[in-house]
Amino acid sequence: MTEAWRPDGEDERRGASGPVKVRVPAKVNLHLGVGPLRRDGYHELNTVYHAISIYDELTARRGDTLALTMEGEGTGELALDDTNLVIRAAHALAGYAGVLPHARLHLRKQIPLAGGLAGGSADAAAALVACDALWGTGLSRDELAGIAADLGSDVPFLIYGGTALGTGRGEAVSPVLVRPTSWHWVVAIADVGLSTPAAYRELDRLRKAGTAGAPLGSTDALLGALRQRDPRVLARTLGNDLQDAALAMRPALADTLKAGEAAGALAGIVSGSGPTCVFLAADAADAERVAAGLTSAGVCREVRVAHGPVAGARVG
Ligand code: C5P
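Here is what the cut-offs are and how they apply
Residues numbered from 1 in each chain as written. Predicted model: local features only at pLDDT ≥ 70, side-chain atom pairs only at ≥ 80, totals over all residues. Heavy atoms only, no water. UniProt positions renumbered as here; feature names shortened; annotations may be inferred. Helix = DSSP H or I, 4+ residues; strand = E, 2+ residues; numbered from the N terminus. Axes fitted to C-alpha atoms, helices over the stretch in contact; angles between N-to-C directions. Parallel < 35°, antiparallel > 145°, perpendicular 65-115°, else oblique. Left-handed = near helix turned anticlockwise from the far one by under 90°. Contact = heavy atoms within 4.5 Å. Nonpolar A, V, L, I, M, F, W, Y, C, P; charged D, E, K, R; others polar. 1 Å grid on protein atoms, 1.4 Å probe; cavity = no way out; pocket = protein on both sides within 12 Å on 5 of 7 lines; lining within 4 Å. Points joined across faces, edges and corners; volume = space filled by probe spheres on them. Domains from an automatic or database assignment. Near = heavy atom within 4 Å. Polar contact = N/O pair within 3.5 Å; in protein donor to acceptor, adjacent residues only side chain to side chain. Areas by Shrake-Rupley, 256 points an atom, 1.4 Å probe, with all protein chains shown as cover. Sits in = over half its atoms within 2 Å of the grid points.

## A word on the UniProt feature "domain: GHMP kinase C-terminal" (unreviewed entry) in the chain
Thinking step 1. Feature annotation in UniProt places "domain: GHMP kinase C-terminal" (unreviewed entry) on residues 223-298, given in this structure's numbering.
Thinking step 2. Taken end to end, residues 223-298 has its terminal C-alpha atoms 34 Å apart, with 58% of it in helix and 14% in strand.

## Things to note about the packing of helix H1 (residues 85-97) against helix H2 (residues 119-135)
Thinking step 1. Interaxial distance between H1 and H2 falls to 8 Å at its minimum, and their mutual angle equals 40°. Judged by the angle between their axes, H1 and H2 are oblique. The two elements H1 and H2 cross, and the hand of that crossing is right-handed. Taking contact as the criterion, the partners of Leu-85, Val-86, Ala-89, Ala-90, Leu-93 and Ala-94 in H1 are, on H2, Gly-120, Ser-121, Asp-123, Ala-124, Ala-127, Leu-128, Cys-131, Asp-132 and Trp-135.
Thinking step 2. When the residues that make up the contact of H1 with H2 are grouped by side-chain class, the tally is 11 nonpolar, 2 polar and 2 charged.

## A short note on the layout of surface pockets
Thinking step 1. Approximately 1,100 Å³ is the volume found for the largest pocket.
Thinking step 2. If you trace the largest pocket, you find 45 residues lining it, with Ser-121, Asp-154, Thr-196, Pro-197 and Ser-273 closest to the centre.
Thinking step 3. Only strand E1 (20-37), strand E2 (43-61), H1, strand E4 (103-109), H2 and helix H5 (196-209) provide two or more residues apiece to the lining of the largest pocket.
Thinking step 4. Top contributing element to the lining of the largest pocket by residue count: H5, with 5 residues.
Thinking step 5. Broken down by class, the residue content of the lining of the largest pocket amounts to 20 nonpolar, 17 polar and 8 charged.
Thinking step 6. Two domains each provide a minimum of three residues to the lining of the largest pocket, namely domain 1 (20-176) and domain 2 (183-308).

## With respect to unusual backbone geometry
Thinking step 1. In this structure, Pro-275 follows Gly-274 across a cis peptide bond, with omega equal to 5°.
Thinking step 2. Its place among the elements puts Pro-275 in the loop between strand E9 (267-270) and strand E10 (277-281).
Thinking step 3. Even without being glycine, Ala-114 reaches a positive phi, approximately 45°.
Thinking step 4. Residue placement: Ala-114 occurs in the loop between E4 and H2.

## Regarding the site of the ligand
Thinking step 1. Neighbouring the ligand are Gly-41, Tyr-42, His-43, Leu-45, Gly-152, Ser-153, Arg-169, Thr-196, Pro-197 and Tyr-200.
Thinking step 2. Side-chain polar atom of His-43 to an oxygen atom of the ligand: 2.7 Å apart, as the coordinates give it.
Thinking step 3. Here a nitrogen atom of the ligand and a backbone polar atom of Arg-169 are 2.9 Å apart.
Thinking step 4. Burial of the ligand by the surrounding chains reaches 75%, relative to a free accessible area of 450 Å².
Thinking step 5. In this structure, the ligand is accommodated by the largest pocket.
Thinking step 6. Ranked by residue count, the leading element in the shell around the ligand is H5, at 3 residues.
Thinking step 7. Looking at the shell around the ligand, its residues break down into 4 nonpolar, 5 polar and 1 charged.
Thinking step 8. Per-domain counts for the shell around the ligand show at least three residues from each of domain 1 (20-176) and domain 2 (183-308).

Here it is in structure tokens:
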């Protein structure tokens, strides 16, 4: 066994000496096609991920141990111990690269917990990118995405960002190459989160009972709409197989979806496993109007305006 590289003395030049700050976005699924339950407990997915401009920020400093502090969304609720995905990511990178997992990490969270926006996965991606820079381990994005896949199905996508196709259980990611267009979103954040495994279990139950909607299937229509760059066309192709499950578990989300459309959104869907709802607006001014309408309807805890696609976890 080789001795772990120590971030001190001469070798310190390999990594950053000052703090490393990484910004990482939230994700929505423009298309979330859920296939059958696999033997490993995951569902086969056919999804189009899209990174939007709601960010968490992770700062990594040199330290003698591995420690995590936080502020913002979920403070006091989110465990900061070895179960936290940030700590698990730091350990995973250190193990892969053969270095000591020493860092003082501070998370500033704006992405809500259990919201269907992949906040925990985003933080894991941020930790991989931040510790890679701090420790000077110099891994490529593809290598980081390989480590990310073991941490969670959405983590590889958040290393890359942009708009990307996800297959397998979501961890196999390939970029969607379209001419850059900025899409405008309004994000309605609920009071209380929803559990992702519970949403998948509910979908299995609805399908067994024959009361789930028809599965979405192929991403072709959505990909074609992205190429047309017309939000009215994109609006018609957004879809989420987990939406029925989220609505069954949280019927009040139907009011949130209705309120967004009444406020002028082109379309609204539940984001991932919910309960966050995202609405597509025609342009930035429309997004502000939809946000104002949703806020006055009082159907959620908080409303934010965002745009996408944006880059994945990045230093600076
Ligand atoms: O991969 P991740 O840890 O984020 O997944 C959380 C849970 O969501 C899994 O344990 C599983 O219950 C469910 N899931 C699934 N199929 C997927 C992704 C997640 O059933 N493709």
